[in-house]
There are 2 protein chains.
Amino acid sequence: MLTINERRLKELLNRFADFGRTPNNGVTRLALSDEDKQARDYFVQLAEQAGFGVTIDAIGNIFVRRAGENPQAEPILVGSHGDSQPLGGRFDGIYGVLAGLEALLSFNDQQVKTQRPIDLVMWTNEEGARFAPAMMGAAVFAQKLPLSQALAARDSQGLSVGDELRRIGYAGNADLSRYQAHCAVEIHIEQGPILEMHQKDIGIVSGALGQNWYQIRFDGVASHAGTTPMDMRKDASLGMARAMLALNQLGRREIPHQGRVTVGCVQLTPNSPNVIPGSAYFTLEVRHPDKQALARIDQEIRCCLQTIAAEEKLKLSIKSVLALDPLHFNPDCLNLMEQVCRQLGYSYEHIVSGAGHDSCQLNDRFPTAMLFIPCIDGLSHNEAEDIRPEWSAAGAEVLANTLFELANRP
Amino acid sequence: MLTINERRLKELLNRFADFGRTPNNGVTRLALSDEDKQARDYFVQLAEQAGFGVTIDAIGNIFVRRAGENPQAEPILVGSHGDSQPLGGRFDGIYGVLAGLEALLSFNDQQVKTQRPIDLVMWTNEEGARFAPAMMGAAVFAQKLPLSQALAARDSQGLSVGDELRRIGYAGNADLSRYQAHCAVEIHIEQGPILEMHQKDIGIVSGALGQNWYQIRFDGVASHAGTTPMDMRKDASLGMARAMLALNQLGRREIPHQGRVTVGCVQLTPNSPNVIPGSAYFTLEVRHPDKQALARIDQEIRCCLQTIAAEEKLKLSIKSVLALDPLHFNPDCLNLMEQVCRQLGYSYEHIVSGAGHDSCQLNDRFPTAMLFIPCIDGLSHNEAEDIRPEWSAAGAEVLANTLFELANRP
C-alpha cells in the first residue's frame, strides 16, 4: 500500500489556515475574497512546483493535473472547495483539496505511475456564504447552473462573481463542457458527531439525505393578554408549540433510518409580552435517505398539522420551499474505498451525508463517491472546528490508495 | 332614579373622536400631542360653559368641579384618561371622562343638588404609548411617581413631558398634595370579551389581577441540522415548546379563578432554517386575582421549567421582571354600584380587570371602585374598537346614580 507524508499534510493544512485566519484560530475565507485569492495563488504555486498542469475554467475552478501513462484515458477527478464560511473552520473543504494534493505529491515522492491522469480540483464557492447559490463552481462545471447566472450573482455589497473573478485573476478560459471523468471522489470532514462517537477512522459516504423544506404558518387572533380569558383565546403559538413537539417525535422515530426533522426558525406576531400571539410562522426541514419515506413523512406532517390547526381553531398554511431527492453514490467506488480501508487496517462505517457537497453536483455526471473523516464534537461552520492529526493522515492515506487503484483501472 | 341624555352622550363621544380620528375611524391621540390639546381645550370649554370650576395640576391632570351643598365635604372623584394608543379606539379612556361629564350635565339639567362636590378628572398619559410609564398622571397625583421623574420622561423624539405640557398649555400650578377624596370611581370599556359573551350590561370591577412577568431562556447547543442526528442534539427550542404547552395547561387550570398565563414573545438563536436552535428565549406573564395563588404558581412554574430543562439536557435561566400584587376595590362602593344596577334593571356581573387603569393608582389612597361596559368582540387598542349606544347609555346612567348616592353620603 502507498503511504503519505503526515508531517507535510499537517504543514499544508496549517499554511492554508493562514489565508483568512481569525483571532480565534478559525478561518474567514469567503469565495473570491483577497484571502481566497491568496489560497488559490499558493495552491497553483505548489502545483506548478510539483510539475502538475494547471487549468482554470470560467467560474474559477482550478484543475491541477498529474499526468497518467495513458494521456487519452478518462481522468480521475478528486477535490473539494477552498472557500470557507464567515468565522468558519480550518478544515471544511480545504482538507479535501490538501489531502488530494498530499496524495499526488506522495505519488511523486514514490515515483508512482498511474495509467489515468488524476485531476485535483479546488472548486469555487461551495459555501454560498458570499454569493448564492452554494456549490456554485461544481454546479456550473456539471452544467446544472448556467455560467451566466453564476457570474451575475452579487454579494451584499453589490459586487458580482464575474467582476470578482476578474479582480482576483481567476476568470479562466478553459472550456470543460465536454470533460468526462472516469470517476470523481472527494474527502471531507464529517461536520457531524457520528464517526467520533462510534470511534471510526473513516466514513464511507453512501449518499446524501433528500430534503424537504417548508414554511408553515398558524393564524389565530391577537388580543390583550390581560383581558382575554384563557378559554376565549385563539393563540397561534400553541399550534406552533404542539407542532414543534410532534415534528420532533416524528424525527426521533426515524432515528434508525437516519431521518432528521428540524424547526430552526420561528416568528410570532406581534411578538409582544402582553399580547396573545395572533400568528406563528416557522420553518421545517425534513432530511431522509429514502425518497419514499420523504413522501410518506410529507403526508404525515400535513395530516398532523391539520389536526393541530383544527383542535386549536387556527388557520394553517403550508408552503413547500425546497425538495431535493436523496442521492446515492457509486457502489463500485464505495466498495473500493471499503476494501482500501480494510487493507490499511482502518475502522470505518457507512454514513449518509446530511449536508450538501460539491460531489452532490457531480453525481449524475460521473460515477462519484465520498469519504469522511471525523471532526471533534461534530463542530463545523464554527471557528472551533478541529480534527486530530491521525484522522487527517488516515483520510489522506485512504484517499491516496483509492486514487491509485482507480487511476490504474482499465 | 336619575336619567342621562343618551343623545348628548353619543354626540360627545363622536365629537371627541374627531380629535385624532384616523382614516379607519379609530383614534391616534397620544398624550400631550396637538390632538390631546384639542380634546383638553374642548373639555375645559364644555366644563366652563356648564359653570364648573377647572383646576390643572403640574402633570396636566384636569379637574372639573361641580360644587356640592357642603363645600367643606370631601369630594367624590370620578374620571378616566383622555389620551389613546397609536391607532387606538374611540372609547378607551375618553368614554369614562365623557360618561362622567354627561352625568354632571344631567345633574345640571335636572337641577340635582349633592352634598359633596364632584370632581371629574381627565388624567394625563394613561396609555404610556408616547411617554413611559403608563398611568403617569394618576400615579403622580397619588404620589406614587415623583413629579420630577414624570416631567423628565422623554418620547422617542427626545421631547420631554415637561416641555410638551408647557407647549400645549397644560403645565398647571394647582398643589393637590393634600387632596382627599371621599371615594373615587371610574367607568371604562372592558377591553375584553366577557361581558358581551355573557350578555351583561355592566361589569362591577372587583379588582385587578396581580401580575408576575418573567424572561426565560433555555440554552442547548446550536449545530448543523443536516449532519446532527436526532439523538445527538440539544435543541433549546424543544424546551421552549414543552414549556409553552405546560404553561398554557397551567393557565387553563386557573380558568375558574380568572388566572391567565401568556407566552407572547419568543426568540430562537441563531433562528436559521438549517441550524438546530442553540438557545430559546421567551417571555411569560402570569395574571391572577389571588396573591397566594400567584406565589404558588411561581413555584410550580420554576419546578416545571427545571424538570423540562433536566429532561431536555438544557441550561435554564429565569428572570423576574415585574411583580404586581392583585388589587381589590372598595367593597362598599362595589355594593352600591351593584344596588344601583339592580334598581335600574341592568344585568351585571362581577369581573376582575386584567389590564391596568388609573384607578389602580388611586386604590390605596381613597376608597376606589370601577365599572365596565362591554365592547364589541373584546377589541381594544385597535381602530376597530366599538361599543353599542345602549351599552354606553347604561354605563353613564349607572355612573350618574352611583355618583348621586356617593355625593349625598354623610
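These numbers come from a predicted model, not from an experiment.

### Comments concerning the domain arrangement of chain A
Residues and elements named next belong to chain A. When its domains are assigned, chain A resolves into domain 1 (6-208 + 327-407) and domain 2 (210-324). Taking only C-alpha atoms into account, the centre of domain 1 sits 37 Å from that of domain 2. Listed per partner, the contact involves six residues of domain 1 and six residues of domain 2. The junction of domain 1 with domain 2 conceals about 450 Å² of combined surface from both sides, 38% of it contributed by carbon and sulfur atoms. Seen at the junction of domain 1 and domain 2, the total is zero salt bridges.

### Points about helix H10 (residues 331-344) of chain A
Residues and elements named next belong to chain A. Given a rise of 1.5 Å per residue, 14 residues ought to cover 20 Å, and the 20 Å separating the end C-alpha atoms of H10 matches this to within 8%. Of the residues making up H10, those classed as buried are Cys-333, Leu-334, Leu-336, Met-337, Glu-338, Val-340, Cys-341 and Leu-344. Contacts from the buried residues of H10 go to strand E5 (183-189), strand E6 (202-208), strand E15 (348-353), strand E16 (368-373) and helix H12 (389-407). Where H10 begins, the capping side chain belongs to Asn-330, and its oxygen is found 3.1 Å from the backbone nitrogen of Asp-332. At the C-terminal side of H10, Gly-345 shows a positive phi close to 80°.

### Notes on the interface of chain A and chain B
Facing 52 residues of chain A, the contacting portion of chain B comprises 51 residues. Both faces combined, the contact of chain A with chain B buries some 4300 Å², and carbon together with sulfur accounts for 67% of it. For the chain A face of the interface with chain B, the top three residues by lost area are Thr-227, Met-230 and Pro-273 of chain A, together amounting to 15%. Our enumeration of links across chain A and chain B arrives at zero salt bridges. Across the contact surface, chain A and chain B share 12 residue pairs in polar contact (both at pLDDT 80 or more). Of all the secondary-structure elements, those providing two or more residues to the side of chain A that touches chain B are helix H7 (194-197), helix H8 (236-253), strand E9 (260-262), strand E10 (266-269), strand E11 (275-276) and strand E12 (279-288) of chain A. No other element matches H8 of chain A, which puts 10 residues into the side of chain A that touches chain B.

### Examining the pattern of salt bridges
If you walk through the whole model with that rule in mind, you get 53 salt bridges over all chains. Between Arg-388 of chain A and Glu-390 of chain A there is a salt bridge, and its shortest N-O distance comes to 4.0 Å. When the shortest N-O distance is used, the salt bridge between Arg-8 of chain B and Glu-102 of chain B registers 2.7 Å. Of this pair, Arg-8 of chain B sits in helix H1 (residues 6-17) while Glu-102 of chain B sits in helix H3 (residues 94-109), and the two are 94 residues apart along the sequence. Arg-8 of chain B gets classed as buried once you look at its relative accessible area, which sits at 19%. By relative accessible area, Glu-102 of chain B is classed as buried at 0%.

### Section: the packing of aromatic side chains
Ring pairs (aromatic) are described by centroid distance and by the angle formed between their planes. By the definition in use, this model includes 24 aromatic pairs over all chains. Seen from their ring centres, Phe-16 of chain A and Phe-19 of chain A are 5.4 Å apart, and the 85° between their planes marks the pair as edge-to-face. Looking at Phe-16 of chain A, the relative accessible area reads 0%, which means it is buried. Ring geometry for Tyr-179 of chain B and Phe-366 of chain B: centres 6.2 Å apart, planes at 70°, overall edge-to-face. With Tyr-179 of chain B in the loop between helix H6 (161-168) and strand E5 (183-189) and Phe-366 of chain B in the loop between helix H11 (358-362) and strand E16 (368-373), this residue pair connects regions lying 187 residues apart in the sequence. Look at Tyr-179 of chain B and you get buried, because its relative accessible area is 12%. With a relative accessible area of 2%, Phe-366 of chain B lands in the buried category. Through pairs of rings, three or more aromatic residues link up here, namely Phe-63, Trp-123, Phe-141, Tyr-179 and Phe-366 of chain A. A cation over an aromatic ring shows up here: Arg-40 of chain A above the ring of Tyr-170 of chain A, its NZ or CZ 5.1 Å from the ring centre.

### Details of the UniProt feature "binding site: Zn(2+) 2" (unreviewed entry) in chain A
Mapped onto this numbering, the UniProt entry gives "binding site: Zn(2+) 2" (unreviewed entry) at Asp-92, Glu-127 and His-381 of chain A. Taken along the chain, the residues just named run across 290 residues; in space they keep tight, none of their C-alpha pairs more than 9.7 Å apart. Following the sequence through the fold, Glu-127 of chain A ends up in the loop between strand E4 (118-123) and helix H4 (136-141). Here Glu-127 of chain A is in contact with His-81, Asp-83, Ser-84, Gln-85, Asp-92, Ala-134 and His-381 of chain A, once residues within four sequence places are set aside. With respect to the helices and strands, the residue His-381 of chain A is situated in the loop between E16 and H12. Among the residues examined, His-381 of chain A registers a relative accessible area of 35% and is labelled partly exposed. Residue contacts for His-381 of chain A: discarding those within four places in its chain leaves Gln-85, Leu-87, Gly-88, Asp-92, Glu-127 and Gln-191 of chain A together with His-224 of chain B. In terms of polar contacts, His-381 of chain A uses its side chain to reach the side chain of Asp-92 of chain A, at 3.4 Å.

### Some details on the nonpolar core
Formed by 87 residues in total, the largest nonpolar core has its most connected members in Phe-16, Phe-43, Tyr-95, Leu-101, Ile-202 and Leu-403 of chain A. In contact with Leu-101 of chain A, other than residues within four places in its own chain, are Leu-12, Phe-43, Leu-46, Phe-52 and Leu-120 of chain A. By size, the runner-up hydrophobic cluster in this structure holds 85 residues, among which are Phe-16, Leu-120, Val-161 and Phe-329 of chain B.

Conventions and cut-offs
Residues numbered from 1 in each chain as written. Chains lettered and ligands numbered in written order. Predicted model: local features only at pLDDT ≥ 70, side-chain atom pairs only at ≥ 80, totals over all residues. Heavy atoms only, no water. Domains from an automatic or database assignment. Contact = heavy atoms within 4.5 Å. Buried area = accessible area lost by both parts, 1.4 Å probe. Salt bridge = Lys/Arg side-chain N within 4 Å of Asp/Glu carboxyl O. Helix = DSSP H or I, 4+ residues; strand = E, 2+ residues; numbered from the N terminus. Expected span 1.5 Å × (residues − 1). Buried < 20%, exposed > 50% of the residue type's maximum accessible area, 1.4 Å probe, protein only. Polar contact = N/O pair within 3.5 Å; in protein donor to acceptor, adjacent residues only side chain to side chain. Phe/Tyr/Trp six-rings, centres within 6.5 Å; stacked < 30°, edge-to-face > 60°. Lys NZ or Arg CZ within 6 Å of the ring centre and 35° of its normal. UniProt positions renumbered as here; feature names shortened; annotations may be inferred. Core = buried A, V, L, I, M, F, W, Y, C linked by side-chain atoms within 4.5 Å.

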